[in-house]
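# Coordinate analysis (summary)
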Amino acid sequence: MGACLTCSGSGQSPSRAALAKSEGDSEGTGQKKVYSWDKRRQAGDVDPDRYRVSGREGATVVKMPGDIDGHAFVIRDCKNCNVLVFDRCSAVTIDDCTNCRIFVGPTAGSVFIRDCSDLDCGFICQQFRTRDCHRMRVLLCCVTQPIIEASRAIEFGCLQVSYRPLYAQLEKCKFSVYNNSWSTVHDFTADTDCDVHWSLLPSPTRLQSVLSGDMFAELDPSLMMNFDVKASVIPLTYGEDARGADEPSALVIFFQAELPRVKGVMSAFWQDIMQDEELIVIQSKQVKMSKEDCARVFGRWQEDYTKLVEKGVWGWSIPCLRSMHVRLIVIPMLTRS
């Protein structure tokens, strides 16, 4: 196929402007248009090695805030390594690694681990998945249900961590720390044998104990790394297995109107729970509710609660929380159906 140019009736050659336009110069300046990706390529600011750790043994690799800046990150063919990423990523892939300790900050997409063994990890992500992995300890803050496939001896716990830019990174990934499904693991290959392929770590399990505190000794103090459960940006939840069938429980709901104010109230509420050894939080969710959801959750009180959801009134009602297990729900404004 070729380009078709319109010529004058006199049979003269196409004008300079017409030729320039046909080559991508819409303004007829005689210069070919340069696109943004061409500029990046010319500037040389896309370095694949910056976004991967490959073929390392016995190494410690630290990525500070801004080093990844939302790109995809790859770890592969590593042995006896420490990899710490205090930045946000679009996706993380880990392949063929053995006896490594890995922490990665907020990942907007998936963390996918394949053909690995003897890993100790901490992740904040939208989705977590393993395939053909063995003997792993994983501390998670995961929005969706973690998935394992053809994997064995995988232990899960609730990630507890804080460092200086973490709040901003979570906001850029549009994550709510109250949506953590770390304990609701789905095993795609559960029926292939009689073994249980995964289990839950004791709560709370500190990231520092899983990854070894020596890894963090030389970190830049400006990160303000903190492993204290009470200081964690991610609230501690214990999962469904922590609640006995006959034990009392309470549902606590915050109706969200002014988000900053609600966050302050919830933070104070959570600190109060942390001070009480007889109280634990089973699960937390930040959700939007329709009128149908109100009817299903609140039953005969639905009209009163629908009004609250429509207004976004903040507050909570706690009849008695002593020696109870708590479910926490944060409800933004009512969704219109």
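For every chain, the first residue of the written sequence is number 1, and numbering continues from 1 along that sequence. At least 70 in pLDDT is required for a residue's local features to be given in this predicted model, at least 80 for side-chain atom pairs to be given and counted, and no such filter applies to totals for whole chains, interfaces and linings, which use all residues. Side-chain metrics rest on all non-hydrogen atoms present in the structure, leaving aside hydrogens and water.

### Some details on the overall build of the protein chain
A run of H or I in DSSP becomes a helix once it reaches four residues, and a run of E becomes a strand once it reaches two; helices and strands are each numbered from the N terminus. Within the protein chain, the regular secondary structure consists of 7 helices and 15 strands. Each residue gets one of three labels from its accessible area relative to the maximum for its type: buried under 20%, exposed over 50%, partly exposed in between, using a 1.4 Å probe on protein chains only. Counting over 337 residues, the protein chain shows a buried share of 42%. Excluding contacts between residues fewer than 6 apart, the proportion of contacts in the protein chain whose partners are at least 24 apart in sequence is 50%. Accessible surface, the protein chain as shown: approximately 18,200 Å² in total, 48% of it carbon and sulfur. Contacts are residue-level and defined by heavy atoms, with any inter-residue pair within 4.5 Å sufficient. All accessible-area figures derive from a Shrake-Rupley calculation using a 1.4 Å probe, and residue coverage is judged against the displayed protein chains alone.

### Details of a negative patch on the surface
Among the surface-exposed residues, Asp77, Asp96, Asp115 and Asp132 lie close enough to one another that they form a single negatively charged patch. Classification of aspartate 96 as partly exposed rests on a relative accessible area of 40%. Exposure above 30% relative accessible area and the absence of a salt bridge qualify a residue for a patch, where like charges join within 9 Å and nonpolar side chains (Val, Leu, Ile, Met, Phe, Trp, Tyr) within 5 Å. Any Lys or Arg side-chain nitrogen located within 4 Å of an Asp or Glu carboxyl oxygen qualifies as a salt bridge. We treat Lys and Arg as the positive residues and Asp and Glu as the negative residues; His and chain ends play no part in the count. Note on charges: their place is set at NZ of Lys, CZ of Arg, CG of Asp or CD of Glu.

### Focus: the nonpolar core
Put simply, buried Ala, Val, Leu, Ile, Met, Phe, Trp, Tyr and Cys residues joined by side-chain atoms within 4.5 Å make one nonpolar core. In this structure, Ile113, Phe123 and Phe128 are the most contacted members of the largest nonpolar core, which totals 39 residues. Where this core is concerned, the elements lending two or more residues are strand 3 (73–76), strand 4 (82–85), strand 5 (92–95), strand 6 (98–114), strand 7 (117–131), strand 8 (134–142) and strand 10 (152–158). In this view, isoleucine 113 contacts Ile94, Leu119, Phe123, Phe128, Arg129, Thr130, Arg131, Cys133 and Met136; residues no more than four positions away in its chain are not counted. Counting residues in hydrophobic clusters, the runner-up holds 35 residues, among them Leu139, Leu223, Phe227 and Ile273.

### Re unusual backbone geometry
Looking along the chain, the bond that leaves serine 203 and enters proline 204 is cis, with omega of -5°. For proline 204, the location among the structural elements is in the loop between strand 12 (198–200) and helix 4 (207–211). The backbone of arginine 135 shows a phi angle near 55°, a positive value even though the residue is not glycine. As for its position among the elements, arginine 135 is in strand 8. For alanine 150, which is not glycine, the phi dihedral falls at a positive 50°. Inspection of the secondary structure puts alanine 150 in the loop between strand 9 (147–149) and strand 10.

### Things to note about the side chain of lysine 63
In this structure, lysine 63 sits in strand 2 (residues 60–63). There is no salt bridge for the buried lysine 63, and the closest opposite charge comes from aspartate 67, which lies 5.7 Å off by N-O distance. Leave out the neighbours within four places in its chain, and lysine 63 touches Asp49, Arg50, Ile68, Phe73, Leu84, Val85, Phe86 and Asp87.

### Overview of the confidence of the model for the protein chain
What pLDDT reports is the predictor's confidence in each residue, on a scale of 0 through 100. Per-residue confidence for the protein chain gives a mean pLDDT of 79; residues scoring 70 or more make up 73%. For residues 313–324, every residue scores under 50 in pLDDT, and the model assigns this stretch 35 contacts once sequence neighbours within four places are set aside. Here residues 331–337 is modelled with pLDDT under 50, and outside its nearest four sequence neighbours on either side it reaches 29 contacts, counting other chains as well.

### Details of the pairing of strand 5
Pairing of strand 3 with strand 5, which is carried by 4 bridges, proceeds in the parallel orientation. Residue pairing in the sheet places valine 74 in a bridge with threonine 93 of strand 5. Alignment of strand 5 against strand 6, held across 4 bridges, turns out to be parallel. The residue bridging isoleucine 94 from the neighbouring strand is isoleucine 113, located in strand 6. Criterion used throughout: strands pair if DSSP finds at least two bridges between them.

### Quick look at the packing of aromatic side chains
To pair, rings of Phe, Tyr and Trp, with the six-membered ring standing in for Trp, must have centres within 6.5 Å; the planes then decide the type, stacked if under 30 degrees apart, edge-to-face if over 60, and tilted in the middle. What the rule picks out here adds up to 7 aromatic pairs. Taking the centre distance of 6.2 Å and the plane angle of 85° together, the rings of phenylalanine 103 and tyrosine 163 count as edge-to-face. On the criterion of sequence distance, the pair formed by phenylalanine 103 in strand 6 and tyrosine 163 in the loop between strand 10 and helix 3 (166–172) is long-range, its members being 60 residues apart. Since its relative accessible area comes to 0%, phenylalanine 103 is described here as buried.

### Structural notes on the state of the cysteines
Here, two cysteine sulfur atoms that lie within 2.5 Å of each other are counted as a disulfide. Per the stated rule, a full pass over the model turns up 0 disulfides. With no disulfide of its own, cysteine 81 lies closest to cysteine 78 among cysteine sulfurs, the gap being 4.6 Å. Residue classification places cysteine 81 among the buried positions, given a relative accessible area of 1%.

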